[in-house]
Amino acid sequence: MGCPERGWIPHSWRFLRYLLYDVNPPEGFNLRRDVYIRIASLVKTLQKSENWVLVLPPWGRLYHWQSPDILQVRLPWSQFFDVPSLNRNIPVIEYEQFLAESGGPFIEQVYVLQGYAEGWKEGTWEEKIDERPCIDQLMYSKDKHEYYRCLEGPPLHIYSQKGAVPCLVNLKTRRSMVFAPHLRAVGDEFRKKHLQSTDEADRTHYKEDWTQMKVKTGTALGGPYLGVHLRRRDFIWGHREDVPSLQGAVKKIHSLLEMLKLEKVFVATDAVEEEIELLKKLLPEMVRFEPSWEELELYKDGGLAVIDQWICAHARYFIGTSVSTFSFRIHEEREILGFDPKTTYNRFCGETEKNCEQPTHWKIVY
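Residues numbered from 1 in each chain as written. Predicted model: local features only at pLDDT ≥ 70, side-chain atom pairs only at ≥ 80, totals over all residues. Heavy atoms only, no water.

(A) Geometry of the overall build of the chain. Looking only at helices and strands, the chain has eleven helices and twelve strands in total. Relative to its full complement of 366 residues, the chain shows a buried share of 50%. Contacts in the chain between residues far apart in sequence, at least 24 positions, make up 71% of those at least 6 positions apart. Surface accessibility of the chain: about 18,400 Å² in total, with carbon and sulfur atoms responsible for 53%. (Helix = DSSP H or I, 4+ residues; strand = E, 2+ residues; numbered from the N terminus. Buried < 20%, exposed > 50% of the residue type's maximum accessible area, 1.4 Å probe, protein only. Contact = heavy atoms within 4.5 Å. Areas by Shrake-Rupley, 256 points an atom, 1.4 Å probe, with all protein chains shown as cover.)

Put into structure tokens, the structure is as follows:
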């Protein structure tokens, strides 16, 4: 349901129309990537009638970006993604570039997606779109020229359901979301130095132009290591039925190492320091990307997450955390690289799960 004061924001400038958007503040890095895919689809529809350019909203401090004393606000998309690759799918520009070209955030129309004030009745699902008064207080006001001005942050809020099964993604849009070259280079160097993993040996050849990259499923071998994403922190209480104990996770990892005849495991995790120390004792085979202070300041928390995902995406075998969008993104990267789904769609099981079905039915369909 939409309200007329907030939302999809076109702006006429030099015969172009600009679309700005923002995301519900609590949403994490990987859920925001889902939102981008939806907005990109909207832009493709709008381009059938006019020339539209998508303005990329700056990245701000997110829940998982908790490193102290690091500036992590108003970060451009180029910090994490290859913007020229995005442009091969739809026209995009950074927010600062938009301000430079337009002379300021002059917004003609604003809408917001919001729920129904009266709630949603149980029963048959149906698609409903109505224009209603805004429920929340506006963050925008009109100036003397009748343009909307943001009181804080860029406009448009899109509400996503946490924990939902990911939507079917647009093939071209998802493939255009190539990680920034400098982050991929760091991940590749780490793979080579610590995991004896190279694209040549792993059969994971990568082309900078994603439109030219066509691989068959099952052709990628992967590096001689097990890739693991072990989600902790908020999942321990928010998804306790899906998360194993550290001892349970280590037992599963040792079982996989033996089955796959591998000697190293790369672990991406948001575990607290005490849990990391315990993992080091229980899992001497563990390898992690542990940045220096200079690397943390340079790549930011979001960049370190991308590096972790990139390394996991190149593993011989991957096991992730159920309903985690961080793991979902690794699934997608591995499909793009040509890995067999059997080496990709695997998850840890909760301690009390009676039927630990592996989520092959969550496979991304293009």
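(B) Seen up close, unusual backbone geometry. Look at arginine 203: it is not a glycine, yet its phi comes out positive at around 55 degrees. Relative to the assigned elements, arginine 203 resides in the loop between α6 (199–202) and β9 (223–230). On the basis of relative accessible area, arginine 203 is assigned to the partly exposed category, the value being 46%.

(C) Geometry of helix α8 (residues 246–260). For α8, which comprises 15 residues, the first-to-last C-alpha distance of 21 Å matches the rise-based estimate of 21 Å (1.5 Å per residue) to within 8%. Tucked into the core, α8 has its buried residues touching β9, β10 (265–269), α9 (273–282) and β12 (315–319). Following α8 by one or two positions, lysine 261 adopts a phi angle in the positive range, close to 55 degrees. (Expected span 1.5 Å × (residues − 1).)

(D) Structural detail: the side chain of arginine 33. By the element assignment, arginine 33 lies in helix α1 (residues 29–46). Glutamate 333 is the oppositely charged side chain nearest to the buried, salt-bridge-free arginine 33, at an N-O distance of 4.1 Å. Sequence-distant contacts of arginine 33, defined by excluding residues within four places in its chain, comprise Phe81, Arg174, Met177, Phe179, Gln309, Arg329 and Glu333. (Lys, Arg positive; Asp, Glu negative; His and termini not counted. Salt bridge = Lys/Arg side-chain N within 4 Å of Asp/Glu carboxyl O.)

(E) Molecular detail of α1. Given a rise of 1.5 Å per residue, 18 residues ought to cover 26 Å, and the 26 Å separating the end C-alpha atoms of α1 matches this to within 8%. Regarding α1, the residues found buried are Phe29, Asn30, Leu31, Arg32, Arg33, Asp34, Val35, Tyr36, Ile37, Ile39, Ala40 and Val43.

(F) Fine view of the nonpolar core. Counting residues in each nonpolar core, the largest one holds 49 residues, and the members touching the most others are Tyr36, Leu54, Trp59, Trp77 and Phe266. Elements with a contribution of two residues or more to this core: α1, β4 (52–56), α2 (83–87), α5 (181–194), β10, α10 (293–313), β12 and α11 (325–337). It is α10 that contributes the most residues to this core, eight residues altogether. With residues near it in sequence (within four places) discarded, tyrosine 36 still touches Tyr21, Leu54, Leu56, Trp77, Leu86, Ile90, Val92, Thr173 and Met177. Membership of the second largest hydrophobic core comes to 18 residues, among which are Ala249, Leu257, Leu283 and Tyr317. (Core = buried A, V, L, I, M, F, W, Y, C linked by side-chain atoms within 4.5 Å.)

(G) Summary view of the packing of α8 against α9. In the contact formed by α8 and α9, the axes pass within 11 Å of each other and the chain directions differ by 35 degrees. The interaxial crossing formed by α8 with α9 has right-handed handedness. Contacts from Leu246, Gln247, Val250 and His254 of α8 reach α9 at Glu275, Leu278, Leu279 and Leu282. A per-class count over the contact of α8 with α9 returns five nonpolar, two polar and one charged. (Axes fitted to C-alpha atoms, helices over the stretch in contact; angles between N-to-C directions. Left-handed = near helix turned anticlockwise from the far one by under 90°. Nonpolar A, V, L, I, M, F, W, Y, C, P; charged D, E, K, R; others polar.)

(H) Layout of the packing of α5 against α10. Where α5 contacts α10, the two axes come as close as 9 Å, and the packing angle between them is 50 degrees. In terms of orientation, α5 and α10 fall into the oblique class. Remark: the crossing between α5 and α10 carries right-handed chirality. Facing α5, whose interface residues are His182, Leu183, Arg184, Val186, Gly187, Asp188, Phe190 and Arg191, α10 presents Tyr299, Gly303, Val306, Ile307, Trp310 and Ile311. Of the residues that constitute the contact of α5 with α10, the class distribution is eight nonpolar, three polar and three charged. (Parallel < 35°, antiparallel > 145°, perpendicular 65-115°, else oblique.)

(I) Focus on the side chain of arginine 175. Along the polypeptide, arginine 175 turns up in helix α4 (residues 171–176). Despite being buried, arginine 175 has no salt bridge partner; glutamate 335 is the closest side chain of opposite charge, sitting 6.9 Å away. If sequence neighbours within four positions are ignored, arginine 175 has contacts with Trp210, Met213 and Ile336.

(J) Inspection of the packing of aromatic side chains at higher detail. Counted under the stated rule, the structure contains 17 aromatic pairs. Seen from their ring centres, tryptophan 65 and phenylalanine 80 are 5.6 Å apart, and the 45 degrees between their planes marks the pair as tilted. In this pair, tryptophan 65 is assigned in the loop between β4 and α2 and phenylalanine 80 in the loop between β4 and α2, connecting sequence segments 15 residues apart. Summarising the burial analysis for this pair, tryptophan 65 and phenylalanine 80 share the class buried. Pairing tyrosine 95 with phenylalanine 98 gives two aromatic rings, centres 6.2 Å apart and planes at 35 degrees, and the pair type is tilted. One end of the pair, tyrosine 95, and the other, phenylalanine 98, are both in helix α3 (residues 95–102), three residues apart, so they sit about a helical turn from each other. According to the relative accessible area criterion, phenylalanine 98 is buried, its value standing at 0%. Ring pairs connect the aromatic residues Phe29, Tyr36, Trp59, Trp65, Trp77, Phe80, Phe81, Phe179, Tyr206 and Trp310, which therefore count as one cluster. Seen from the ring of phenylalanine 339, arginine 334 lies directly overhead, with NZ or CZ sitting 3.9 Å from the centre. (Phe/Tyr/Trp six-rings, centres within 6.5 Å; stacked < 30°, edge-to-face > 60°. Lys NZ or Arg CZ within 6 Å of the ring centre and 35° of its normal.)

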